[in-house]
Amino acid sequence: MKKLGLLFAFAVLMTSCIFDSDDAGVGSWLSSHGMPENYKVHVFNIDNIKPSSVELGLNTEPRLIDSMEFYLGQSGGVSYDMYMDIAFSEGDAFVKNLNSSDSAVTAVSLFWFWKLYNNKNFPADSLPIKESMNVNVSWKIDFSDKKKFLDSLAKVKDSVWLESLKDWKPDGSADTVVEMSFEKGDSSTVIYLPSALTEALKKMTYAVRLQLKISAPKAEHLYRFFGLESNYKPFFGLIADSSAVHPPYRAANVLEYDDDCGNCLHGGTRDSLVLSIPAEQILPAIQNFYNSYPLENKGEGYDVRQTVMLAQLTMARDDGAANNTSEFGLPIQVVVGSFVDSADTEIRKMESYRLNKDLILEDGHQNLVYHDGDSLSLQITGGLRELVNKEKDSLRIVVKLGYPFLQEKDSTYADYVSDGDTNYVFMGYFDHGRYDFSKAVESPMSLKLWMSSKRKEEN
Amino acid sequence: MKKLAAFLGVFASLSFGSMIGIDALGEEQVLGGTASAAGRGYAGNAKIGDSEGLSVVNPARLAFDKNVVFNLNFALEMDAASKNGHHLLSNGMSIPSFNISFPMGEFGALGVSLWQHFSTSMSEKSSGDNAAKIEYKGSVYELVPTYALRIPYLRSFSLGASAHVVLGSNSRSLTLGPDNSEVSDEDHWGTRSTKVSDFVDGTWEINHHPAYYAAALQYRGRQVSYFFSYTTGYTLKNSLDYDFRFSETDTLAPSSYAREISVPAMFATGVSYRLFKRHNVMLDLQWRAWDEDIENIGGSWAMPEITETQSDFMASVGYQLDGVPLFYEDYWKRINYRAGAWYKNWYVKDVFEIGGSIGAGLPLGRKGATIDIALQGGKRFSDSKTEWEESFFAFRIGLTGIGTWGQSRR
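The structure presented is a predicted model; accordingly, all values stated were derived computationally and were not measured.

Before going further, it helps to spend a moment on the overall build of chain B. Looking only at helices and strands, chain B has three helices and 20 strands in total. Principal-axis analysis of the C-alpha atoms gives chain B an extent of 85 × 45 × 35 Å. When the 410 residues of chain B are sorted by exposure, 50% land in the buried category. Here the contacts in chain B between residues at least 6 apart in sequence split such that 66% fall between residues at least 24 apart.

See the structure below:
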């Protein structure tokens, strides 16, 4: 067998010496079989794009607060109401102290979300904040004399509780004014609760469940506090008695919109603008460019003649619109997704972002609002591919506000470590400002396409 | 069946290196590619011995086998393609067939073969920053159950029949970088370093039928043996999914298509003549008249839609000096020595092949186990615009085990 192996090795060696592939061999072989070595790229613009519909989507679903920031106040016409679910029993020190004092005052303590306020990118001139804030406190109380009451509360699923907040009817309510005063270095603030609530709690027999809502829809600011999964969780208790405090076992924010701007997106919410662009504004232009439709029917499907490598929609931008507000004064990233078919349904798929490094280094990213320039460019490659390759009736894209942008001329588009230090490109905390896209959606847009062709005549 | 498909999937990566007909069916592995037949120039389907084993062209021969034969074949092939001063060297390894047969005395003989009938294999990358990459992989496998029986009262004659159940898969991937020559410099960023793959993969089966069939008549004489066989025509169905890939996870929705390839009936005959004691000469012929062109797997860019066909014909001559069967004889005398040559018209129009080979059957131990080896070389000539000429060199090894299961001691 050794001899056979040697023989074969010798044969391979001999063959390799006699024949060898030359550098152009593969290219020449491809050519003789009608295949190119590259795909031909064509770039062209389709102007005067106008959406046939623009829908503003507001997501007012209650959202559970765990490690997230816990908001109170208002920004850009959106108010954030706090909900807390608290429970305790008679044996607790709180109850004994409450019943032993006629002048007991209950309160909620909230810890400032210093991670944001101490952030070097938080605008220093925003502090100190002072405001006499009109606050409405409302509550629901459930008493029980059964030992298993608290256990039964633990079995209430978060999702059920969140659903109940949509139709939350309080047992009592009172307005109050809270003097908000916050400057750098402060750690917490206290919201005194109405005496009616305190009195109501004295009627407890064995155990109590207190659901508390605090809202300040006319506040001048949106205040951020630590959520539950932190060392700085909010708590309910008696003033001047730190012996027994009760953090809520769950908490939520519910958003209330008082904003009639139909094309405004609010940062940090889940707002979205859904733009529908009819296919007849796009497909005929591609067909005209190639003198044929990019698909050719074949078998049970089609053969691709051309396909979209990159699609970029450029729209007008007016950062000075009257409705616009910004908390941090930083550029804000605009993210975009497209509706695509998936498993017999339609899903929203966020678009990837290809970097035009030369332009970014010179003029910054072009998918930002609140920065230099008067246009906004969004890459919608996936959506265009879907439109072209499935011959859909319309292109539907969804636009949302993303994170504040710290380095608009950094072409990494991601936080990165350099020389041992983390280089933050995004701020990491949402700016809850508002941006009016009216000019963007009402002005003609321009669509730029990078197409690849796999046809002989374009090759 | 899934296990078999997985098994075939492993061996599908072991395929031949010829690039001729790669968009059609690929390279045909004639006669199951057995190393013993290859050593004598693919002649000798009529040759009768105690343990010749299964022939996919002549199922009747099996009736004369006296031993259980287990046979596994390996092939290594190097192809040097050239055209207009350009060269392309490729090589591949394959397992062209695996055969097992059981003689059952008066009840005839049964056998089964797993045959890689057609195969495609290529993986090449061009030079440069935006290098193109072309990959073909594919095998048309056939599972061939065979039955043969010596005719009562005419025991010099035998009849044999086999069914060929087709399965297998194939794929082609062409990966390209951008050509921005018609794009302004400021727009190059849009596709810079962005590769796309025109990808297609599919499966093989026979259209509307479970198998195609072969039948043969064999005569064994004292000096001369011959056979005639007829293999039915059939339509191969290649169900394909075309896909345009931007990355592994980002693709266009696949488009399905099925190409149908009408493979014509084949006639084959052969004669084996014993000159002197242990000296044999053999001549084999096979012929298949293609009357329809083959739709290609590709069909993009400027690729031809079809591969034109021609009558597929093969003539082979061979010689074998049978080794002495006595284990105590000198080892060199126990070896089977083989030589042969062939001419073959490919099914691809304007392509023909001339080749020669030498081989040997090396006995292992006393019980008849053998290692067959064959060295082959030759050239494939092409007047086609598409196909390149190829020089090839192949080395084949066949492992043959002999048993006497179920045979009465004599």
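Past the structure itself, the notes keep going.
Moving on, we get to the overall build of chain A. Scanning chain A from N- to C-terminus turns up eleven helices and 28 strands. A compact globule built from 459 residues would reach a C-alpha radius of gyration of about 23 Å, whereas chain A, at 31 Å, exceeds it by more than 25%. Oriented by its inertia axes, the alpha-carbon framework of chain A measures out at about 105 × 70 × 50 Å. Out of the 459 residues in chain A, the part that is buried amounts to 37%. Of all intrachain contacts in chain A linking residues separated by at least 6 positions in sequence, the fraction that spans at least 24 positions is 84%.

The next point concerns the pairing of strand β9 (residues 224–231) of chain B. All names here are of chain B. Alternating residues of β9 divide into Ser225, Phe227, Ser229 and Thr231, all buried, and Val224, Tyr226, Phe228 and Tyr230, none buried. Inspection of the sheet shows strand β8 (residues 212–220) paired to β9 by seven bridges, in the antiparallel sense. Across the sheet, Arg220 pairs through a bridge with Ser225, a residue of β9. In this antiparallel pair of consecutive strands, β8 and β9, the connection spans three residues.

Glancing now at the domain arrangement of chain A. Residue and element names in this part refer to chain A. According to the domain assignment, chain A consists of domain 1 (40–58 + 271–458) and domain 2 (63–257). Computed over C-alpha atoms, the centres of domain 1 and domain 2 are 41 Å apart. Tallying the contact residues gives eleven residues for domain 1 and nine residues for domain 2. Here the residues of the side of domain 1 that touches domain 2 sort into five nonpolar, four polar and two charged.

Taken residue by residue, the interface counts 51 residues in chain B and 52 residues in chain A. Breaking the side of chain B that touches chain A down by element, the ones donating at least two residues are β2 (68–83), β3 (86–103), β4 (109–125), β6 (154–179), β7 (196–206), β10 (234–245), β11 (255–263) and β20 (389–403) of chain B. Per element, the largest residue contribution to the side of chain B that touches chain A is five residues, and it comes from β6 of chain B. The class makeup of the residues in the side of chain B that touches chain A is 27 nonpolar, 17 polar and seven charged. Where strand β1 (residues 38–49) of chain A lies against β6 of chain B, three bridges are found, and the strand directions are parallel. Bridge pairing links Asn38 of chain A to Gly177 of chain B in β6 of chain B.

Residue and element names in this part refer to chain B. Relative to strand β16 (residues 312–321), strand β13 (residues 279–288) runs antiparallel, the two being bridged by ten bridges. Among the inter-strand pairings, Asn280 is bridged to a residue of β16, identified as Gln320. Bridge analysis of β16 against strand β17 (residues 336–345) gives nine bridges, and the strand direction is antiparallel. The residue bridging Gln320 from the neighbouring strand is Arg338, located in β17.

Here the focus is the confidence of the model for chain B. For chain B, mean pLDDT is 90; residues scoring 70 or higher make up 94% of the total. Taken as a whole, residues 10–14 of chain B scores under 50 in pLDDT and shows eight contacts with residues more than four places along the chain or in a different chain.

So, on to the environment of Asp383 of chain B. All names here are of chain B. Secondary-structure assignment places Asp383 in the loop between β19 (369–382) and β20. Note on Asp383: 10 C-beta atoms within 10 Å, which makes it exposed. For the pair Asp383 and Val351, spaced 32 residues apart in the sequence, the C-alpha separation amounts to 6.6 Å.

What follows deals with unusual backbone geometry. Residue and element names in this part refer to chain A. Put simply, Leu127 and Pro128 share a cis peptide bond, and its omega is 0°. For Pro128, the location among the structural elements is in the loop between α4 (114–117) and β7 (129–144). In this structure, Asn291 is a non-glycine residue whose phi angle is positive, near 60°. Even without being glycine, Tyr413 reaches a positive phi, approximately 60°.

What follows deals with the sheet that holds strand β13 (residues 241–246) of chain A. Residues and elements named next belong to chain A. Read from one edge to the other, the open sheet built from four strands follows the order β9-β6-β12-β13, with strand pairing classed as antiparallel. A strand with exactly one partner marks an edge of an open sheet, and here the two such strands are β9 (188–192) and β13. The sheet shows a mean angle of 35° between the axes of neighbouring strands, taken without regard to direction. Where helix α3 (residues 93–100) meets the sheet, it contacts β12 (235–238) and β13, and its direction lies at approximately 125° from that of β13.

As a further point, take the nonpolar core. One finds Ala311, Ile332, Val334, Leu384, Val399, Leu447 and Leu449 of chain A to be the most contacted residues of the largest nonpolar core, which totals 130 residues. Leaving out residues up to four positions away in the same chain, Ala311 of chain A has contacts with Gln379, Ile380, Thr381, Leu384, Leu447 and Leu449 of chain A.

With that settled, the discussion passes to helix α10 (residues 381–389) of chain A. Residues and elements named next belong to chain A. Burial of α10 is extensive: nine of the nine residues sit out of reach of the surface. Of the residues making up α10, those classed as buried are Thr381, Gly382, Gly383, Leu384, Arg385, Glu386, Leu387, Val388 and Asn389. Once α10 ends, the next one or two residues include Glu391, with phi positive near 45°.

Now for the environment of Lys66 of chain B. All names here are of chain B. Tracing the backbone shows Lys66 in the loop between α2 (35–39) and β2. Through-space distance from the C-alpha of Lys66 to that of Thr249 is 56 Å; in sequence the pair is 183 residues apart. Those residues within four positions of Lys66 in sequence are excluded, and the remaining contacts are Asp50, Ser51 and Pro103.

A few words on the environment of Ile151 of chain B. All names here are of chain B. By the element assignment, Ile151 lies in strand β5 (residues 133–151). Among the residues examined, Ile151 registers 14 C-beta atoms within 10 Å and is labelled partly exposed. In the structure, Ile151 is positioned 47 residues away from Asp198 in sequence and 55 Å away in space, judged by C-alpha atoms. Residues within four places of Ile151 in sequence aside, it is in contact with Phe157, Ser158 and Leu159.

What counts and what doesn't
- Residues numbered from 1 in each chain as written.
- Chains lettered and ligands numbered in written order.
- Predicted model: local features only at pLDDT ≥ 70, side-chain atom pairs only at ≥ 80, totals over all residues.
- Helix = DSSP H or I, 4+ residues; strand = E, 2+ residues; numbered from the N terminus.
- Buried ≥ 20, exposed ≤ 12 C-beta atoms within 10 Å, placed from the backbone.
- Contact = placed C-beta atoms within 7 Å.
- Rg over C-alpha atoms; globule rule 2.2 N^0.38 Å.
- Pairing = 2+ DSSP bridges.
- Domains from an automatic or database assignment.
- Nonpolar A, V, L, I, M, F, W, Y, C, P; charged D, E, K, R; others polar.
- pLDDT = per-residue confidence, 0-100.
- Axes fitted to C-alpha atoms, helices over the stretch in contact; angles between N-to-C directions.
- Core = buried A, V, L, I, M, F, W, Y, C linked by C-beta atoms within 7 Å.

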